[in-house]
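# Understanding the architecture of this molecule
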Amino acid sequence: MNIAHNGISKKQLNFVNFNQDYSCISIGTGDGYAVYNIHPKFLPVHSFKMEGIAICEMLFNSSLVAIVGNGSDPNFSARKLHIMNTKTQTSICELNFVTPILAVKLNKKRLIVVMETKIHIYDISTIKILHTIDTVLNPKGLVALSPSDDNCYLCYPGSNEKGEIVIFDALSLQTMNVLNAHQTPLAKMAINSTGTMIASASNKGTVIRVFSLVEGDYGGKQLVQLRRGSYPAVIQSIAFSVDSLFLAASSDTGTVHIFKLSHDANGNTNTNNQSNGNHQNSKSNNLPTGHRNSVSSYLSFEALNDMWEKVPSRSFATIKLNNQFSSLCAFGPNDQSVLIANSEGLLLQFSLDPKIGGELKLASENALVTSKPEEVSSQFINS
């Protein structure tokens, strides 16, 4: 997550993100970059001093990181990608581009580099360019890449006017589907660990929709709709738990919503509406087939959702944060905790009981931004 400046002394926090399985976290600051282990104990792993870093993305818990500067150092410009070995603190290779790099995504098969109107796809083992996608204007570099080697999907916006999601197979290098997910432009997307589901939110920010990526003809079926709130909000992050049983979303309201998902024998996803005990299934499924077909022939997918899903499933648990800071959410091992990294430079851990939910309590607080790279502050809070 690229973070707006928030006045954190000299070590300005520019970027923070979890790795693909939430076992580590990386940051980019005005003084360089750092990588921390989160589990089983919060510990600094690597840090490197250099002028401002705008992006620092990890490849699981390997020593490989992708680094992009913020332009304060000519050797680390916003148009140059460095693939670094954190153990030797050396650059494996450099890739130069004409326009600034807005986002970088990695899995064990692909390296994705995102510009404002282009996405470049590389073979990560050889750093060989495989394909370039021309996209609509994408000033925030919004993309989602599956962590999975098998379902290696890349998703990106297909429109600036509505919430279209283009599903692209990064292995076969083919467009598989285009989802009409929202009536307004996309704000955030996230793909689960197995590459079978995508969750998305629009810039309205009231609902999050989860779609299948692999069911049927290359996916596209809406599995569930989740209610964040009744009033518009800016969705700052969306995250599936590693086992895909939970989904978390943070917003500029300061509330993190955690939704409980369940899977039936067919792999479909339904929510366990813990907050009010009432889950309203889509009424369109109860219409006779002929009626459904005739209705859908003149009503859009969005219109049907608005008609039949007036009461989407609400959150199973919540976290109250200071809305002064941007936040990024993730999950701890075995769904026992929710992790929050914020623009204040803190990593917060909240205890989660998968059966009870409710408002979660803070369990620990760790400083990501310190006066010296080797200093780590950790505080455990007794509930």
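Every residue gets a number counted from 1 within its own chain, in the order that chain's sequence is written. Predicted model: local features are reported for residues with pLDDT of at least 70 only, side-chain atom pairs are reported and counted for 80 or more only, and whole-chain, interface and lining totals are derived from all residues. Values shown for side chains rest on all heavy atoms present in the structure; no hydrogens or waters enter the calculation.

Moving on to the sheet that holds strand 16 (residues 174–182). Backbone hydrogen bonds hold the strands of a sheet together, and the pairing may be parallel or antiparallel. One requirement defines pairing of two strands: DSSP has to find at least two bridges between them. Put simply, DSSP marks the helices as runs of H or I at least four residues long and the strands as runs of E at least two long, and each gets a number from the N terminus on. With antiparallel pairing, the four strands of this open sheet are ordered in space as 13-14-15-16. Looking along the sheet, the strands with just one partner apiece sit at the ends: strand 13 (144–145) and strand 16. Of the strand pairs in this sheet, strand 13 and strand 14 (residues 153–157) are connected by two bridges, and their pairing is antiparallel. Of the residues in strand 14, the one forming a bridge with alanine 144 is cysteine 155.

Moving on to the sheet that holds strand 1 (residues 13–18). Read across the open sheet, the four strands follow the order 1-2-3-4; overall the sheet is antiparallel. In this open sheet, the two strands that pair with only one neighbour each are strand 1 and strand 4 (43–49). Strand-to-strand, the axes of this sheet are offset by a mean angle of 15°, without reference to chain direction. Axis definition: a line fit to C-alpha positions, over the contact stretch in the case of helices; interaxial angles, taken between N-to-C directions, run 0 to 180 degrees.

Another aspect to go through is unusual backbone geometry. With an omega of 5°, the peptide bond between histidine 39 and proline 40 qualifies as cis. With respect to the helices and strands, proline 40 occurs in the loop between strand 3 (32–37) and strand 4. With a phi close to 60°, leucine 173 is a non-glycine residue in the positive phi region. Residue placement: leucine 173 occurs in the loop between strand 15 (163–169) and strand 16. For leucine 173, a relative accessible area of 25% puts it in the partly exposed group. The phi torsion at serine 244 lies on the positive side, around 65°, for a residue other than glycine. Among the structural elements, serine 244 can be located in the loop between strand 21 (235–240) and strand 22 (246–251). Note on classification: 1.4 Å probe, protein chains only; a residue is buried when its accessible area is under 20% of the maximum for its type, exposed when over 50%, partly exposed between these limits.

What follows concerns the nonpolar core. To define a nonpolar core, start from buried Ala, Val, Leu, Ile, Met, Phe, Trp, Tyr and Cys residues and group those joined through side-chain atoms within 4.5 Å. Counting 36 residues, the largest nonpolar core has Phe18, Ile25, Ile258, Leu347 and Leu368 as its most contacted members. Here phenylalanine 18 is in contact with Cys24, Ile25, Ile38, Leu328, Cys329, Ala330, Leu339, Ala341 and Leu347, once residues within four sequence places are set aside. By size, the runner-up hydrophobic cluster in this structure holds 32 residues, among which are Phe15, Cys93, Leu95 and Leu106. In what follows, a contact means two residues having at least one pair of non-hydrogen atoms within 4.5 Å.

Moving on: the packing of aromatic side chains. Aromatic rings in a pair are described by how distant their centres are and how their planes are angled relative to each other. By convention, a stacked pair of Phe, Tyr or Trp rings (six-membered ring in the case of Trp) has centres within 6.5 Å and planes under 30 degrees apart, an edge-to-face pair has planes over 60 apart, and any other such pair is tilted. Evaluation of the coordinates by the stated rule reveals five aromatic pairs. With 6.1 Å between their ring centres and 40° between their planes, tyrosine 33 and phenylalanine 48 make a pair best called tilted. Taken together, the positions of tyrosine 33 in strand 3 and phenylalanine 48 in strand 4 put the pair 15 residues apart, joining distant regions of the chain. Ring centres 5.9 Å apart and planes at 50° place the aromatic pair phenylalanine 246 and phenylalanine 316 in the tilted group.

Another aspect to go through is the pattern of salt bridges. Definition used for salt bridges: Asp or Glu carboxyl oxygen within 4 Å of a side-chain nitrogen of Lys or Arg. One pass over the structure, following the stated rule, counts four salt bridges. Across the pair glutamate 57 and lysine 105 runs a salt bridge whose closest N-O atoms are separated by 3.7 Å. With glutamate 57 in strand 5 (residues 53–58) and lysine 105 in strand 9 (residues 103–106), this residue pair connects regions lying 48 residues apart in the sequence. With its nearest N and O atoms 2.5 Å apart, the salt bridge here joins lysine 118 to aspartate 134. Separated by 16 residues along the polypeptide, lysine 118 in strand 11 (residues 118–123) and aspartate 134 in strand 12 (residues 128–134) bring together distant segments of the chain. Residue classification places aspartate 134 among the exposed positions, given a relative accessible area of 57%.

The next subject is the pairing of strand 9. Here four bridges tie strand 9 to strand 10 (residues 110–114), and the two strands are oriented antiparallel to one another. Along strand 10, the bridge assignment pairs leucine 106 with leucine 111. Here strand 9 folds back onto strand 10 in antiparallel fashion, the turn holding three residues.

We now examine the environment of alanine 144. By secondary structure assignment, the location of alanine 144 is in strand 13. The exposure class assigned to alanine 144 is buried, which follows from its relative accessible area of 6%. Considered as a pair, alanine 144 and tyrosine 156 are twelve residues apart in the sequence and their alpha carbons are 6.6 Å apart. Filtering out sequence-adjacent residues up to four positions away, alanine 144 remains in contact with Tyr153, Leu154, Cys155, Met189, Ala190 and Ile191.

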